[in-house]
Amino acid sequence: MTGDLFATADPPASGSEALGPGAFLLHGFAAGDAPALWAALQPLLAQAPLRHMITPSGHRMSVAMTNCGALGWISDRAGYRYEPGDPQNGRPWPPMPALFRRLAQAAAARAGFPDFQPDACLINRYAPEARLSLHQDRDERDLSAPIVSVSLGLPVIFLWGGLKRQEPRQRIRLEHGDVVVWGGPDRLRYHGVLPLQAGHHALLGEQRLNLTFRQAR
Ligand code: MD6
Ligand code: FE
């Protein structure tokens, strides 16, 4: 499974692992940018506070969420969808910082998606015990664009399933600075996150943040 991409003038911190024909785990790809990402997140989270969204069936999600970019993913009793702002407070999502966009585009290009133009960044915050049940990401208009996922803070076990809910799942450890890119034939794979184990991370403290970049429209 592990195969290093050929060395270039600007290699990622370590290797790249193929998770499927269109899915790649870029180990440590965002590690160098992490302090700047974390700094940029502070004013952003002050403007668009993290909150526990409600699923259409009425459950409160254990992961706290917010967004930046032209569009943001939300869930409420009416369903899952992208909105230009948070319906809870009527405010637009903060703009996507240039650093975020550049990082997402660089990771996508590294994984073979040179034309990625993210217009939405979903920010997920995991406190200890927070989890995300098995799901597909299918609320984006154009499923030919990949998703780029950046992990910061405490490590977590990611469940990587198949195109059908019942298929077996691999357990993949995602660490601070890891980036997963997936698209093409892997775009609709089921996936989830096991409950976060308590711990302390030098930069983020007792939490994990995950940024997922999408082309929503
Ligand atoms: C997470 N990620 O890592 C949750 N979805 O916290 C996702 O649900 C996800 O990482 C689509 C593509 C990449 C992802
Ligand atoms: Fe997802």
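Residues numbered from 1 in each chain as written. Chains lettered and ligands numbered in written order. Predicted model: local features only at pLDDT ≥ 70, side-chain atom pairs only at ≥ 80, totals over all residues. Heavy atoms only, no water.

### Regarding the overall build of the protein
Then, in step 1: Within the protein one finds 2 helices and 15 strands.
Then, in step 2: Its C-alpha atoms give the protein a radius of gyration of 16 Å, within 12% of the compact-globule value 17 Å for 217 residues.
Then, in step 3: Each principal axis of the C-alpha atoms in the protein carries an extent, and together these give about 45 × 40 × 35 Å.
Then, in step 4: Per-residue burial for the protein yields a buried fraction of 53% across its 217 residues.
Then, in step 5: Long-range contacts, defined as pairs at least 24 residues apart, comprise 71% of the intrachain contacts of the protein with a sequence gap of at least 6.
Then, in step 6: Between the averaged position of the 22 positive side-chain charges in the protein and that of its 19 negative side-chain charges there is a distance of 6 Å. (Helix = DSSP H or I, 4+ residues; strand = E, 2+ residues; numbered from the N terminus. Rg over C-alpha atoms; globule rule 2.2 N^0.38 Å. Buried < 20%, exposed > 50% of the residue type's maximum accessible area, 1.4 Å probe, protein only. Contact = heavy atoms within 4.5 Å. Lys, Arg positive; Asp, Glu negative; His and termini not counted. Charge placed at Lys NZ, Arg CZ, Asp CG, Glu CD.)

### Looking at unusual backbone geometry
Then, in step 1: Even without a glycine there, the phi angle at glutamate 129 is positive, about 85 degrees.
Then, in step 2: Relative to the assigned elements, glutamate 129 resides in the loop between strand 8 (120-126) and strand 9 (132-135).
Then, in step 3: What makes glutamate 129 exposed here is its relative accessible area of 58%.

### A short note on the coordination of the iron ion (ligand 2)
Then, in step 1: Those donors, His135 (NE2), Asp137 (OD) and His191 (NE2), are the protein atoms that reach the iron ion (ligand 2), and they lie 2.1 to 2.2 Å from it.
Then, in step 2: Positions of the donor residues of the iron ion (ligand 2), expressed as sequence spacing, correspond to H-x1-D-x53-H. Here histidine 135, found in strand 9, pairs with histidine 191, found in strand 14 (residues 191-193); they are 56 residues apart in sequence, far enough to count as distant.
Then, in step 3: Histidine 135 sits in the partly exposed class, given a relative accessible area of 21%. (Donors = N, O, S within 2.8 Å, 3.2 Å for Na, K, Ca; no water.)

### As for the site of ligand 1
Then, in step 1: Lining the immediate environment of ligand 1, one finds 13 residues, of which Tyr126, His135, Ser149, His191 and Arg208 sit closest.
Then, in step 2: One of the side-chain N or O atoms of aspartate 137 is found 3.3 Å from a nitrogen atom in ligand 1.
Then, in step 3: In this structure, a nitrogen atom belonging to ligand 1 sits 2.8 Å away from a side-chain N or O atom of histidine 191.
Then, in step 4: Its atoms largely coinciding with the cavity grid, ligand 1 occupies the largest pocket.
Then, in step 5: Those elements that place two or more of their residues in the shell around ligand 1 are strand 9, strand 10 (147-153), strand 14 and strand 15 (208-214). (Near = heavy atom within 4 Å. Polar contact = N/O pair within 3.5 Å; in protein donor to acceptor, adjacent residues only side chain to side chain. 1 Å grid on protein atoms, 1.4 Å probe; cavity = no way out; pocket = protein on both sides within 12 Å on 5 of 7 lines; lining within 4 Å. Sits in = over half its atoms within 2 Å of the grid points.)

### Section: the packing of helix 1 (residues 34-47) against helix 2 (residues 98-110)
Then, in step 1: Contact geometry of helix 1 with helix 2 gives a least axis separation of 10 Å together with a crossing angle of 135 degrees. As summarised for this structure, helix 1 and helix 2 are arranged oblique, according to the angle between their axes. You can see that helix 1 and helix 2 cross each other, and the crossing is left-handed. Contact residues: Ala36, Leu37, Ala40, Leu41 and Leu44 in helix 1; Leu99, Phe100 and Leu103 in helix 2.
Then, in step 2: Considered class by class, the residues forming the contact of helix 1 with helix 2 number 8 nonpolar, no polar and no charged. (Axes fitted to C-alpha atoms, helices over the stretch in contact; angles between N-to-C directions. Parallel < 35°, antiparallel > 145°, perpendicular 65-115°, else oblique. Left-handed = near helix turned anticlockwise from the far one by under 90°. Nonpolar A, V, L, I, M, F, W, Y, C, P; charged D, E, K, R; others polar.)

### Points about the pairing of strand 1 (residues 16-20)
Then, in step 1: For strand 1, the buried fraction is high: 4 of the 5 residues fall into the buried class.
Then, in step 2: In terms of strand pairing, strand 1 meets strand 2 (residues 23-26) through 4 bridges, oriented antiparallel. By the bridge assignment, serine 16 is partnered in strand 2 with leucine 26. (Pairing = 2+ DSSP bridges.)

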